[in-house]
Amino acid sequence: MARLSDPITVLRGIGPAKAKLFAALNIYTLEDLICHFPRGYEDRTKLIPICELEPDKPACFRAMVMNTPRTAHIRQGLDLTRVQAADTTGRLTLTFFNSKYAQENLEYGREYIFYGTLTGDYAAYGMTNPVFEAPDSQPVTTRRVLPIYPLTAGLTNAAMLRAVKQALAVCDPPAEILPGLIREKYHILPAQEAYRAIHEPADMQEAEQARRRLIFEEFFVFSAGLSLMRATRAGKRTAPYENRDLSDFYAALPFSLTGAQQRSIGEILADFSRGTPMNRLVQGDVGSGKTMVAAAAAFCAIRNGHQAALMAPTEILAEQHFASLTRLFAPLGITVGLLTGSMTPKEKRQVREKLLGGEIQMAVGTHALISEATQFQSLGLVITDEQHRFGVAQRSRLSAKGEDPHLLVMSATPIPRTLALLMYGDLEVSILDELPPGREKVDTFLVGESYRARINAFIRKQVQAGHQCFVVCPAVEENDALDVKSASVWAETLQQTVFPDLRVSLLHGQMKGAEKEAVMAAFARGEADVLVATTVIEVGVDVPNATLMVIEDADRFGLSQLHQLRGRVGRGGAKSYCILTSHNRNPETLQRLKALCGTNDGFKIAEEDLRLRGPGDFFGSRQSGLPAFRVADLSFDMGLLKQAQQASMEWIESSGTADTPEANALRSRVSALFARSEGTMN
Ligand code: ADP
Ligand code: MG
């Protein structure tokens, strides 16, 4: 017997070269292989008579070969093998391209089981390249439910099937971790059965049960993990902040806070008074003013003699927070410091010394802030901005930096309410459901290529009125495989041929940190009219003078992502617009994009996204900040998710912290799942 942790090269037929292909799918060990689940199935269990075959519907049938197969050499590299096959109900011609296998294995007068798709019409029905097996053979490609796996170039489904089959033969699948009572209550297959059935189901029903079990397990583990984190933190003690007077802070603001901002700050202050570390999520649509809520919290921590750290997912955003917090805090006598990955080692060292010495009270940065080298004198509050880019693991690692600092996470990703509870099970939630006054709806239009001249004229009009425009493209470089606009080429085209008299600049993720910052800062200062960019500008960037967002090939983006992008405009007082272009004519795609034109409410959009695409996309998205769920690609429904969460809460209550082998095994599975989320940080 082999072990789950053994490399896949212990399997026959998998050498170093093959292993590389599997590695492209993140499959290194037998466990990875067994946990590489099919993305779907083809039901080839039913044999039907030839007369019931229908065009375009692949099916299995049993038929006799009625003549000696004839192979014609058509030209260099093209051999055609033709043969007649029949059962008692009908007959058809089978054609094989370059198939030595068919030439050598089909024999006149013998019966085979075929699987293929009928083509042609009643005048000449036929079938091209059906697969076939002898009726007395082991079912491999016919007479079974065939799993269809996620693959990579050079790796066929058949090779994957063989590898998985071998893996299941040489070692036991991962052990059962779901408590028996829970399995019974929720009608969940035992682990061993489920791992076998997901790969080798006897029928579609069994495949479905296996899928259900594995999804249930993964969400159960995740949800239990969040609850454990919450329980652990709730047990910790911290000194309450005695000074909760923010009047100096309020006096320094250039505007008065919205009701929602005040309410959230109130909730945070209540957390600060409690004597346990705060664990709070502030969720608010783009532009709802989350930064001010964070600043108020930081101000309070600092006034109580502690340091606050604000972590942003990109350098651009960190820079921007640094600038605006410096403006706000300097007059209040608070020192703000910046720490990002692209600073020189010397600069970083200097900042780190000041963090350790306590000279910097407000630290702003990227994930450089949580590297081993960074130490604080007294870290009281950790704020992460745009939480969806920070995994659960980073969250816990960061809070390990101080003496159980308060934790505030801010997210603009409107998570459908139904998912929020599951995803943020370890957090209290404050919602900013109000925009600062004077914000107008961003008018959004969906247009095709025929509107190009009008789009260009509109860009020009905005610029002539003293405003600026964003143009977002899905790709950085020209790419033949994807027929989409690339930022580099499009920026060049706009500058050279469309707007030679305007200032067009370019921003994308492959540029160096310092270069990106310079471009963004120049745009924010009004030194460019049109900024052509990839989605690097998606998160949080604030340029109030920008009034137009053009999104090219908008169908390439998810709805929530489009909503984020649109949130880059409409941040000043002026009327703002968003133009989505797409030549996609798929009705579903158009419906999705039109949903965006119809509303500016991020939560409604997220609900619509959830309805149209299912929860898999939320959990599968690299940006979710969630662990890499193995089952995210399998389609599943909200009902199952809720059951898993319900079950995990029952478990936590009854035996979540018990010191039994069962509970320990489950807890170590939780750690493994959370550790996997480290890799998802951008
Ligand atoms: P987000 O929630 O998207 O992070 P920000 O915190 O960046 O939003 O705020 C967006 C803009 O609104 C900023 O320019 C900020 O200064 C401004 N702002 C925040 N709160 C208010 C308010 N109460 N009144 C007016 N403007 C505000
Ligand atoms: Mg923000």
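Refer to the structure presented above.
Rules of the game
Residues numbered from 1 in each chain as written. Chains lettered and ligands numbered in written order. Predicted model: local features only at pLDDT ≥ 70, side-chain atom pairs only at ≥ 80, totals over all residues. Heavy atoms only, no water. Axes fitted to C-alpha atoms, helices over the stretch in contact; angles between N-to-C directions. Helix = DSSP H or I, 4+ residues; strand = E, 2+ residues; numbered from the N terminus. Left-handed = near helix turned anticlockwise from the far one by under 90°. Contact = heavy atoms within 4.5 Å. Nonpolar A, V, L, I, M, F, W, Y, C, P; charged D, E, K, R; others polar. Near = heavy atom within 4 Å. Polar contact = N/O pair within 3.5 Å; in protein donor to acceptor, adjacent residues only side chain to side chain. Areas by Shrake-Rupley, 256 points an atom, 1.4 Å probe, with all protein chains shown as cover. Phe/Tyr/Trp six-rings, centres within 6.5 Å; stacked < 30°, edge-to-face > 60°. Buried < 20%, exposed > 50% of the residue type's maximum accessible area, 1.4 Å probe, protein only. Lys NZ or Arg CZ within 6 Å of the ring centre and 35° of its normal. Pairing = 2+ DSSP bridges. Salt bridge = Lys/Arg side-chain N within 4 Å of Asp/Glu carboxyl O.

(A) Up close: the packing of helix α18 (residues 559-566) against helix α19 (residues 587-598). Relative to each other, α18 and α19 sit at 35°, their axes nearing to 10 Å. Where α18 crosses over α19, the two elements pack in a sense that is right-handed. Judged by residue contacts, L559, L562, H563 and R566 of α18 engage R592, L593, A595 and L596 from α19. In the contact of α18 with α19, the residues fall into five nonpolar, one polar and two charged.

(B) Here's a closer look at the site of ligand 1. Around ligand 1, the surrounding shell holds 16 residues, and the nearest of these are Q261, G287, K290, T291 and R439. Between ligand 1 and the protein, one listed contact pairs an oxygen atom with a backbone N or O atom of G289 at 3.0 Å. For ligand 1, whose accessible area on its own is 560 Å², the fraction buried by protein is 84%. Grouping the amino acids of the shell around ligand 1 by side-chain chemistry returns four nonpolar, seven polar and five charged.

(C) A look at the packing of aromatic side chains. Enumeration according to the criterion identifies 15 aromatic pairs in this entry. Ring geometry for F61 versus F114: centroids 5.4 Å apart, planes at 20°, classification stacked. Here F61 is found in strand β2 (residues 59-65), whereas its partner F114 is found in strand β6 (residues 111-116), with 53 residues between them in sequence. Like F61, the residue F114 is buried in the burial classification. On the numbers, 6.3 Å between centres and 15° between planes, the contact of F216 with F220 is stacked. Remark: F220 and F216 occur in helix α7 (residues 204-234); sequence separation between them is four residues, near one turn of the helix. Residue F220 is classed as buried on the basis of its relative accessible area, which comes to 0%. Taken together, the aromatic side chains of F61, F96, Y101, Y112, F114 and F132 make up a single cluster linked through ring pairs. The residue whose ring lies beneath R44 is Y115, and the NZ or CZ to ring-centre distance is 3.6 Å. The lysine or arginine in question, K485, covers the ring of W490, its NZ or CZ lying 4.5 Å from the ring centre.

(D) Examining the pairing of β2 more closely. Counting buried positions along β2 yields five of seven residues, so the element is predominantly enclosed. Bridge analysis of β2 against β6 gives six bridges, and the strand direction is antiparallel. Within β6, the position partnered with C60 by the bridge is Y115. Where β2 meets strand β4 (residues 78-87), two bridges bridge the pair, whose relative direction is antiparallel. Among the inter-strand pairings, M64 is bridged to a residue of β4, identified as A86.

(E) Structural context of the sheet that holds strand β19 (residues 468-472). Reading across the sheet, the six strands line up as β18-β23-β22-β19-β21-β20 and stay open at both edges, with parallel pairing between neighbours. The open sheet is flanked by β18 (443-447) and β20 (504-507), the only strands paired with a single partner. Strand-to-strand twist of the sheet, defined as the mean angle between neighbouring strand axes without regard to direction, takes the value 20°. When strand β22 (residues 546-551) meets strand β23 (residues 577-581), the two strands line up parallel, connected through four bridges. Looking across to β23, one finds that L548 is bridged to Y577. Taken strand by strand, α19 contacts β18 and β23, and its axis lies near 160° from that of β18.

(F) Looking closely at the pattern of salt bridges. Within the structure shown, the criterion is met by 25 salt bridges. For the salt bridge of D6 with R3, the shortest nitrogen-to-oxygen distance reads 4.0 Å. Two residues, E42 and R44, come together in a salt bridge whose shortest N-O distance is 2.7 Å. Judged by relative accessible area, R44 falls into the buried class, the value being 9%. Via salt bridges that share partners, E176, R183, R213 and E217 belong to a single interconnected network.

(G) Molecular detail of the sheet that holds strand β12 (residues 307-311). Here we have seven strands laid out as an open sheet, ordered β13-β14-β12-β15-β16-β11-β17, and parallel in their pairing. Since the sheet does not close on itself, it has two edges, and those belong to β13 (336-339) and β17 (428-432), each with one partner. Going from strand to strand, the sheet's axes swing by 20° on average, the running direction of each strand aside. Bridging between strand β15 (residues 379-384) and strand β16 (residues 406-411) involves four bridges; their strand directions are parallel. Looking at the pairing, T384 lines up with V409 of β16. Packed on one face of the sheet, helix α12 (residues 345-357) meets β12, β13 and β14 (362-365) and runs near 135° to β13.

(H) Highlighting α18. A large share of α18 lies buried, amounting to eight of its eight residues. When we look at burial in α18, the residues that qualify are L559, S560, Q561, L562, H563, Q564, L565 and R566.

(I) Region of interest: the pairing of β12. Burial runs high along β12: five of the five residues are buried. The alternating pattern of β12 places Q307, A309 and M311 on one face and A308 and L310 on the opposite face, and all of these are buried. Relative to β15, β12 runs parallel, the two being bridged by five bridges. Bridge assignment links A308 to a residue of β15, and that residue is L381. The pairing of β12 with β14 spans four bridges and is classified as parallel.

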